Amino acid sequence: MNTLPFAVRTLRRQPARAALGILGVAAVGALLFDMLLLSRGLVLSMQDALDRGGFDIRITATASLPGSGPRIPDATTVARTAASLPQVDAAVALRFGTGRVATGEHRPAVAFSLFGAEPSRLRPWTILRGRDLPLRSDARVGEILVNDVLARTLHLEPGAPLTLRPSCRRAAEALPPVTVRVAGVARFPFDTVDQGTAAMNRLDFAGACGEPQGDEADVILVSAAAGSDADAARNALARALPALAIATNAQLVGRLEESGFSYFRQISTVLATVTMTFGLLLITVLLTVSVNQRLGTIAALRAIGFSRRRVVADVIVESVLMVGIGGTLSLPLGFALAQWLDRILKRMPGLPEELHFFVFEPRALVLHASLLAATAVVAALYPVRLVSRLPIAATLRNEIVS
Amino acid sequence: MLASAARFDAQPRVAADLPAILISRQLATARGLHADDVVRLAADPSGGRAREFRVAGIYEPIPDPMRINASKHEARLHLPDLLALTADAGDPLALENVDAIDIAIEPKADADAYARQLAGRVPGLVAQPVRAVPGEAGLFVVLERFHLAIAIVTIVASTVFLLALTVMLVDERRETVGVLRLIGLTSRRILGQMFAEGLVIAGAGALFGIALALASEGLINRYFQWRYDTALVFVRITPDVIWQSLAIAVPLGVAGSVLASWALLRRGALILVRR
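Residues numbered from 1 in each chain as written. Chains lettered and ligands numbered in written order. Predicted model: local features only at pLDDT ≥ 70, side-chain atom pairs only at ≥ 80, totals over all residues.

Peer 1: What is the right way to read the overall build of chain B from this model?
Peer 2: A count of helices and strands for chain B gives 8 helices and 5 strands. In chain B, the share of contacts with a sequence separation of at least 24, taken over all contacts with a separation of at least 6, comes to 71%. (Helix = DSSP H or I, 4+ residues; strand = E, 2+ residues; numbered from the N terminus. Contact = placed C-beta atoms within 7 Å.)

Peer 1: Mind showing me how you'd approach the overall build of chain A here?
Peer 2: When helices and strands are tallied, chain A shows 12 helices and 10 strands. Computed over its C-alpha atoms, the radius of gyration of chain A comes to 31 Å, more than 25% above the 21 Å expected for a compact globule of 402 residues. Viewed in the frame of its principal axes, chain A has a C-alpha envelope of about 100 × 55 × 35 Å. Across the 402 residues in chain A, those meeting the buried criterion constitute 40%. Counting contacts in chain A only where the partners sit at least 6 residues apart, residues at least 24 apart contribute 80% of the total. (Rg over C-alpha atoms; globule rule 2.2 N^0.38 Å. Buried ≥ 20, exposed ≤ 12 C-beta atoms within 10 Å, placed from the backbone.)

Peer 1: Quick question: what am I supposed to make of the interface of chain B and chain A here?
Peer 2: A common way to state how big an interface is: give the accessible area lost once the parts meet. Contact with chain B, which involves 27 residues of that partner, is made by 33 residues of chain A. When residues of the side of chain B that touches chain A are assigned to their parent elements, the largest contribution, 18 residues, is made by helix 4 (residues 139-172) of chain B.

Peer 1: Explain the confidence of the model for chain A to me, please; I cannot follow it from the model alone.
Peer 2: Overall, the predicted model of chain A reaches an average pLDDT of 86, with 97% of residues at or above 70. Per-residue pLDDT, averaged within each element of chain A, yields its smallest value for helix 7 (residues 249-258) of chain A (80) and its largest for strand 5 (residues 143-146) of chain A (93). (pLDDT = per-residue confidence, 0-100.)

Peer 1: Help me understand the domain arrangement of chain A in this model?
Peer 2: Residues and elements named next belong to chain A. Looking at chain A, the domain boundaries give domain 1 (3-50 + 262-401) and domain 2 (62-243). Distance between the C-alpha centres of domain 1 and domain 2: 51 Å. Opposite the 5 residues of domain 1 that make contact, domain 2 presents 5 residues. Partitioned by chemical class, the residues of the side of domain 1 that touches domain 2 number 3 nonpolar, 1 polar and 1 charged. (Domains from an automatic or database assignment. Nonpolar A, V, L, I, M, F, W, Y, C, P; charged D, E, K, R; others polar.)

Peer 1: It is not clear to me how the domain arrangement of chain B should be interpreted in this structure. Could you clarify?
Peer 2: All names here are of chain B. Per the domain assignment, the segments making up chain B are domain 1 (7-99), domain 2 (101-131) and domain 3 (139-272). With 6 residues of domain 1 at the contact, the number on the domain 3 side is 6 residues. Here the residues of the side of domain 1 that touches domain 3 are counted per class, giving 3 nonpolar, 1 polar and 2 charged.

Peer 1: Explain helix 5 (residues 174-182) of chain B here, please?
Peer 2: Each α-helix winds once per 3.6 residues, and so residues spaced three or four apart point in a common direction. Residue and element names in this part refer to chain B. Those residues of helix 5 lying buried are V177, G178 and R181. Take helix 5 and look down its axis: the buried residues cluster within an arc of 105°, on one side only. Of the surrounding elements, those touching the buried residues of helix 5 are helix 6 (187-228), helix 7 (239-265) and helix 8 (269-272). Where helix 5 terminates, the next one or two residues include G184, which has phi positive at roughly 115°. (Arc of directions from axis to C-beta.)

Peer 1: Help me understand the pairing of strand 5 of chain A in this model?
Peer 2: Successive residues of a regular strand alternate their side chains across the two faces of the sheet. All names here are of chain A. Judged by which residues are buried, strand 5 turns out to be covered on both faces: E143 and L145 on one side and I144 and V146 on the other are all buried. Across 4 bridges, strand 5 lies against strand 7 (residues 178-187) in parallel orientation. Residue pairing in the sheet places V146 in a bridge with V185 of strand 7. (Pairing = 2+ DSSP bridges.)

Peer 1: Help me out: how do you make sense of the environment of T269 of chain A in this one?
Peer 2: Position of T269 of chain A among the secondary structure elements: in helix 8 (residues 262-293). Sequence separation of T269 of chain A and L36 of chain A is 233 residues, and the distance between their C-alpha atoms is 8.2 Å.

Peer 1: Quick question: what am I supposed to make of the nonpolar core here?
Peer 2: Soluble globular proteins tend to pack their nonpolar side chains together in the buried interior. In this structure, A27 and L32 of chain A together with A164 of chain B are the most contacted members of the largest nonpolar core, which totals 69 residues. Those elements that provide at least two residues to this core are helix 2 (15-52), helix 8, helix 10 (308-345) and helix 11 (362-388) of chain A together with helix 4 of chain B. Among the elements that line this core, the one with the most residues is helix 2 of chain A, at 20 residues. Those residues in contact with A164 of chain B that sit more than four places away from it in its chain are R17, L20, G21, G24 and L286 of chain A. L94, V146, A199 and A233 of chain A belong to the second largest nonpolar core, which has 52 residues in total. (Core = buried A, V, L, I, M, F, W, Y, C linked by C-beta atoms within 7 Å.)

Peer 1: Explanation requested: the packing of helix 2 of chain A against helix 11 of chain A in the structure shown.
Peer 2: When two helices pack together, their arrangement is captured by the angle between the axes and the distance separating the axes. Residue and element names in this part refer to chain A. At a closest axis distance of 9 Å, the pairing of helix 2 and helix 11 adopts a crossing angle of 140°. Here helix 2 lies oblique to helix 11, going by the angle between them. Every pair of crossing elements has a handedness; the one defined by helix 2 and helix 11 is right-handed. Listed contacts from helix 11 to G29, L32, F33, L36 and L37 of helix 2 are A364, L367, H368, L371 and L372. Partitioning the contact of helix 2 with helix 11 into residue classes produces 8 nonpolar, 2 polar and no charged. (Axes fitted to C-alpha atoms, helices over the stretch in contact; angles between N-to-C directions. Parallel < 35°, antiparallel > 145°, perpendicular 65-115°, else oblique. Left-handed = near helix turned anticlockwise from the far one by under 90°.)

Peer 1: Which parts of the structure should I look at to understand the packing of helix 4 of chain B against helix 7 of chain B?
Peer 2: Residues and elements named next belong to chain B. Running from N to C, helix 4 and helix 7 point in directions that differ by 40°, and their axes come no closer than 9 Å. On the basis of the axis angle, helix 4 is oblique to helix 7. Read as a crossing pair, helix 4 and helix 7 show a hand that is right-handed. Seen from helix 4, the contacting residues are I155, T159, L162, L163, T166, V167, V170 and D171; seen from helix 7, they are I248, L252, G253, G256, S257, L259, A260, S261 and L264. For the contact of helix 4 with helix 7, the class distribution of residues is 10 nonpolar, 6 polar and 1 charged.

Peer 1: Help me understand the pairing of strand 4 (residues 51-59) of chain B in this model?
Peer 2: Residues and elements named next belong to chain B. Looking at chain direction, strand 2 (residues 20-24) and strand 4 are connected through 5 bridges and run parallel. Bridge assignment links I23 to a residue of strand 4, and that residue is I58. In terms of strand pairing, strand 3 (residues 38-42) meets strand 4 through 4 bridges, oriented antiparallel. Bridging across to strand 4, R40 finds its partner in E52.

Peer 1: Looking at this structure, I do not really get unusual backbone geometry. What am I missing?
Peer 2: Peptide bonds are, in most cases, trans, and in most cases residues other than glycine have a negative phi. All names here are of chain A. A positive phi is found at D74, a non-glycine position, where the angle reads about 55°. As for its position among the elements, D74 is in the loop between strand 1 (57-60) and helix 3 (75-83). Under the C-beta neighbour-count criterion, D74 is labelled exposed, with 11 such atoms within 10 Å.

Peer 1: What should I look at first to understand the environment of L219 of chain B in this one?
Peer 2: Residues and elements named next belong to chain B. Within the secondary structure, L219 sits in helix 6. On the neighbour-count criterion, L219 (10 C-beta atoms within 10 Å) is exposed. Placed 16 residues apart in sequence, L219 and V235 show a C-alpha to C-alpha distance of 9.6 Å.

Peer 1: Help me out: how do you make sense of the environment of G324 of chain A in this one?
Peer 2: Residues and elements named next belong to chain A. For G324, the location among the structural elements is in helix 10. Taking the C-beta count within 10 Å as the criterion, G324 has 17 such neighbours and is therefore assigned partly exposed. Along the sequence, G324 and D229 sit 95 residues apart, while their C-alpha atoms lie 43 Å from each other.

Take a look at the structure:
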């Protein structure tokens, strides 16, 4: 009989034990798989969200994240300089602020994020209903885009008037209210689950802020020209605008990976290591006890002609079979568990809706399979040592005497 | 008051009459600064309008989990010094502006009522108590739930393995159990013995686990404190945690042992001794 059918029969001799061992490996494997998904989940999710936005490069005044550092002065000229480069397709200057809408006496005002965007062919939002803002950069258009949350909260539809109080500085302000018309409902990148967001053309935003001549931007979004990659465009921009901080999506994600996202990478490394050690220890114990209980049988097999290599192979295959079946079961279990854990973590306040903590990538699958294969082999080492050094005659004698 | 985004230049001389500042340990280490060194600070990235200060001391920043990844390169200035350094010369009100005012109330005063009263008296002011609102799904509540979920999965995996091990261990003694049955011991008596044995093993295992956790507590804290350059405590094994662990581990261990023994005792004595 070949090694594999023999190992299958060995497992089937003790179905409860084999089933529990496999289930244990499946549970440990699922946790390990989830930790692998978690280790790079946020980074992959963020990279995907940035790439889906259609812009490859962010220009800011300093290396601070957009909105948290100083603003870019003379933003229109900077955006034009950027757009004039052959490696660049479009450059859109954005200014961040906040807006408030009064909802009645003795009721709290509804606060939301407000963008001022330079009109451009490429837009940092996706229209869901109604129409986009008019592409006019020479005059105010008196229109606004709102996201679904704000539309639902304020019962807004395209064409409805909206009176809001903007706030454009980081200090408290009391600007007069402005009334604009809702052009459409849009989806904005990086909105949180319950965040209201609205966008206006730059001139409308500057007018509402009481700075009609204001020409500052928090960030300038740049898309690379067809045939030019993000790195080439970044290098060209760095030469043309040496005083500004210019980062590709990959660089931005790398920066976040080093700072904001490192906690989950650390925790996943610690938990994956603990899980692996736990799994290794327990599979070793299961195999060792199993081999100890079958020493007489193994000695008898050696006596009737099974080679040492063959009985060693039987133990290794038994280990591989147990870990292999458990590991395969761990994948659907891990996916289900990842959904549950992701839902828990996504309740974090201020987290963009499109970000996920557990994201699948083929690398995680390969790593999962490799780690489990290594576990199967290492867990079999001690039982293999027992089997390979088994004294045949003495074991058989002990078996008969006992 | 914290000066952020300030340009920082160290000067190798001492001047007792300069305004004093405190700098964080991390900044002192990074820039090789010591008490009584003179530094030049500017709010402008180009270094314009810089002023000289004397390092009066070095402090350890208050551990703040919300700023775990943030750079801890900080300096603390007297408020008038900071305002003079950062205020817009063209804004006459700039020297009167602050970002926030921390208020200490009388020990028995109601913080919520005081905050409401203050906000009502000064329109446009946001006043709120420092402590979090109970039940608010804050960052750490979510992280706690996540860690609890991971703990549940780990307990499930451990339980399955524990059952597998107890099944094997009990199976190893099937002949002994069979003989005990044949010489007259009742199933109940044998089960009681297994229960006591399971209790001792589970208790010893749980105590060993707690000892291991206590031993690794310092190691984990030191690693993460080094990794994030903070005095924050990441793992703290409290008496509550110890009791919780015992309350879960011991009953699980005993239940596993009794369950496996019960499955064995259901078979006849002759089958157990393989006759």
